Amino acid sequence: MDYLKEVEGKRVHDPLAQKMSKAGRCIIRVTVPVIVGAGPSGLAAAACLKERGLPSLVLERENCLASLWQLKTYDRLRLHLPKEHCELPLMPFPHDFPTYPTKDQFLNYLEAYAKRFDIRPLFNKTVVCAEYDHRSRLWQVTTPGAEKEEETVYQCQWLIVATGENAEEVVPEIPGMSEFAGSIIHTSLYKSGHSYHGKKVLVVGCGNSGMEVCLDLCNHNAFPSLVVRDSVHVLPQEMLGRSTFGLSMWLLKWFPVRLVDQFLLLVSRIMLGDTARFGLHRPKLGPLQLKSLSGKTPVLDVGTLANIKAGNIKVCPGIKQLSRHGVEFVDGRVENFDAIILATGYKSNVPSWLKEDKMFSQKDGFPIRPFPNGWVGECGLYAVGFTKRGLLGASLDARRIAEDIEHTQFMAFDPARPP
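Residues numbered from 1 in each chain as written. Predicted model: local features only at pLDDT ≥ 70, side-chain atom pairs only at ≥ 80, totals over all residues. Heavy atoms only, no water.

Visitor: Let's hear about the overall build of the chain: which residues, and what values?
Guide: Across its full length, the chain carries 11 helices and 22 strands. For the chain, whose C-alpha radius of gyration is 24 Å, the value lies close to the compact-globule estimate of 22 Å for 419 residues. C-alpha extents for the chain along the principal axes are approximately 70 × 55 × 40 Å. Counting only residues that meet the buried cut, the chain has 49% of its 419 residues in that class. Considering only contacts within the chain whose residues lie at least 6 apart along the sequence, 65% involve residues at least 24 apart. Just so you have it, the chain exposes about 20,500 Å², and 53% of that area is on carbon and sulfur atoms. Placing the 50 positive and 45 negative side-chain charges of the chain at their respective mean positions leaves the two points 3 Å apart. (Helix = DSSP H or I, 4+ residues; strand = E, 2+ residues; numbered from the N terminus. Rg over C-alpha atoms; globule rule 2.2 N^0.38 Å. Buried < 20%, exposed > 50% of the residue type's maximum accessible area, 1.4 Å probe, protein only. Contact = heavy atoms within 4.5 Å. Areas by Shrake-Rupley, 256 points an atom, 1.4 Å probe, with all protein chains shown as cover. Lys, Arg positive; Asp, Glu negative; His and termini not counted. Charge placed at Lys NZ, Arg CZ, Asp CG, Glu CD.)

Following this line, the structure appears as structure tokens:
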């Protein structure tokens, strides 16, 4: 993509860019959509644009594609849903991939995807500010330069936010954290249970990651305990010979959500038993209804529940405070641990750099308008991968964005034209 070389080359060959670089600021006018984030969502948006003959400029803060998957996931991770529900637009997974591809297989797929659609992000480009300038009618997207006083501003008509729902770790403040003598890490730093052999480990958080980290610790002969503060739906990964997710999507074509939820809970009760007996109380709302209203994903069990039933994983209530070697729980019980792993999830970081308040909530960094209408804002602003519906939702966003930009890209832009 020659325009990418042109964009970076302006620092050297464009007199205006040279002049501004001396003052510490290089301004580059980009005639294509700018995509912030080179994860699966950003790649999907770039590919859908490319299919319509529209190039794009992808800015990525890390030095690789899909940095969350490459840098912040544990070794045993697999896709929790079957591959047909996780493929990006225009390119299926290879036929020889298993139903639930491994982390490395998924990363290989993303690398092949980027190569097929000639997506070449500019790496190590952290967007620190993006703001719409009503006078020029362009987005001003700022990234810091190599030197402290330098910065580059990309001016563009279309800005696609693809930094995702999981841009920054959520690290809770627990009383006594500074006093605890053992290690405390977020799951973004956890790779495997190898280094925890023989140790007592407290995992805080009972989502899919927390459950799977506990299973991995068991497999490495550690002694994990799991903090479960809230109610949680645990479903088998597969039921009646099909993936639970795929079966749910099929049933929703014929039955209302309430009935499908009742069916899922009935089959789960038969297959898994009463999870409340083991400290895993179910929410009042069914799993699909809860997912639709709050975005909270049910846990798809891959073996953790069997270890809880066998006593290999202890379930604990919320934490009251930490001491040098111990943890006091809200029920008054005190127990010693060697390490704590925070499976407390991630959050959007959009409010920290996108200077607008009409499309994205300043509170949680998600589009204000609910799915399926949160993908488009005003003044050429778009969002991909914020649907709380995984890669399927991101793919739907990407297709809509590409179609919308194609519809508008033939409109001539005249900076002198009054708004």
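Visitor: Describe the packing of aromatic side chains, and please don't skip the residues or the numbers.
Guide: Summed over all chains, the structure comprises 14 aromatic pairs. Between Tyr74 and Tyr190, the aromatic rings sit 6.5 Å apart at their centres with planes inclined by 65 degrees, giving edge-to-face as the arrangement. Of the two residues, Tyr74 sits in the loop between helix H4 (67–71) and helix H5 (103–116) while Tyr190 sits in the loop between strand E9 (183–186) and strand E10 (200–204), which places them 116 residues apart along the sequence. As far as burial versus exposure is concerned, Tyr74 and Tyr190 are alike and both buried. Ring geometry for Phe366 versus Phe386: centroids 6.0 Å apart, planes at 90 degrees, classification edge-to-face. One end of the pair, Phe366, is in the loop between strand E21 (346–347) and strand E22 (381–383); the other, Phe386, is in the loop between E22 and helix H11 (390–408), with 20 residues separating them in the sequence. (Phe/Tyr/Trp six-rings, centres within 6.5 Å; stacked < 30°, edge-to-face > 60°.)

Visitor: Tell me about the pairing of strand E5 (residues 138–144), and name the residues and values.
Guide: Burial analysis of E5 places 6 of its 7 residues in the buried class, the great majority of the element. Across 5 bridges, the pairing between strand E4 (residues 129–133) and E5 is antiparallel. Considered in E5, the bridge of Asp133 is made with Leu138. Between E4 and the antiparallel strand that follows it, E5, lie 4 residues; Arg137 among them carries a positive phi value of about 60 degrees. Bridge analysis of E5 against strand E6 (residues 151–156) gives 6 bridges, and the strand direction is antiparallel. In the sheet register, Pro144 faces E6, and the bridge partner there is Glu151. (Pairing = 2+ DSSP bridges.)

Visitor: Run through the sheet that holds E10, naming residues and quoting values.
Guide: The 5 strands lie next to each other as E9-E20-E10-E11-E16, forming an open sheet whose pairing is parallel. One side of each edge strand has no neighbouring strand; the edge strands of this open sheet are E9 and strand E16 (314–316). The sheet shows a mean angle of 25 degrees between the axes of neighbouring strands, direction not considered. Relative to strand E11 (residues 223–227), E10 runs parallel, the two sharing 5 bridges. If you follow Lys200 over to E11, its bridge partner there is Phe223. Contacts between helix H6 (residues 208–219) and the sheet are confined to E10, E11 and strand E20 (339–342), with E11 contributing the most and set at about 165 degrees to the helix. (Axes fitted to C-alpha atoms, helices over the stretch in contact; angles between N-to-C directions.)

Visitor: I'd love a proper account of the sheet that holds strand E19 (residues 334–336), names of residues and values included.
Guide: Strand order across the open sheet formed by 3 strands is E17-E18-E19, with antiparallel pairing between neighbours. The two strands at the open ends of the sheet, each matched to only one other strand, are strand E17 (319–322) and E19. Going from strand to strand, the sheet's axes swing by 25 degrees on average, the running direction of each strand aside. Pairing analysis gives 3 bridges linking E17 to strand E18 (residues 326–329), with the strands arranged antiparallel. Bridge pairing in E18 links Leu322 to Val327.

Visitor: Help me get a handle on helix H8 (residues 257–272), residues and values and all.
Guide: The first and last C-alpha atoms of H8 sit 21 Å apart over 16 residues, in line with the 22 Å expected at 1.5 Å per residue. Residues Val260, Asp261, Leu264, Val267, Ser268 and Leu272 constitute the buried set of H8. The buried residues of H8 occupy an angular sector of 135 degrees when projected down its axis, which confines them to one face. Across H8 from its buried face, at more than 90 degrees, point the exposed residues Arg258, Leu266 and Ile270. Those residues of H8 hidden inside the fold are in contact with strand E12 (234–236), strand E13 (238–239), helix H7 (244–251), helix H9 (287–294), strand E15 (299–301) and helix H10 (304–309). (Expected span 1.5 Å × (residues − 1). Arc of directions from axis to C-beta.)

Visitor: Describe the nonpolar core, and please don't skip the residues or the numbers.
Guide: Tyr109, Tyr113, Ile160, Tyr196, Val203, Leu217 and Ile341 are the most contacted members of the largest nonpolar core, which has 67 residues in total. Mapped onto this core, the elements with two or more residues apiece are helix H3 (40–51), H5, E10, H6, H10, E20 and H11. Residue contributions to this core peak at 7 residues, all from H3. Those residues in contact with Leu217 that lie beyond four places of it in its chain are Tyr190, Gly193, Tyr196, Val201, Val203, Ala222, Pro224 and Ile341. Ranked by size, the runner-up nonpolar core spans 27 residues in total, among them Leu59, Leu122, Trp139 and Ala383. (Core = buried A, V, L, I, M, F, W, Y, C linked by side-chain atoms within 4.5 Å.)

Visitor: Summarise the pattern of salt bridges; cite the residues concerned and give the values.
Guide: According to the stated counting rule, one finds 12 salt bridges in the structure shown. Lys200 serves as the salt-bridge partner of Glu335, at 3.0 Å between the closest nitrogen and oxygen. With a gap of 135 residues between them, Glu335 in strand E19 and Lys200 in strand E10 connect regions that are remote in the sequence. Lys200 gets classed as partly exposed once you look at its relative accessible area, which sits at 30%. Two residues, Glu335 and Arg333, come together in a salt bridge whose shortest N-O distance is 3.2 Å. Its relative accessible area of 30% is what places Arg333 among the partly exposed residues. In the salt-bridge network here, residues are joined through shared partners; they are Lys200, Lys314, Asp331, Arg333 and Glu335. (Salt bridge = Lys/Arg side-chain N within 4 Å of Asp/Glu carboxyl O.)

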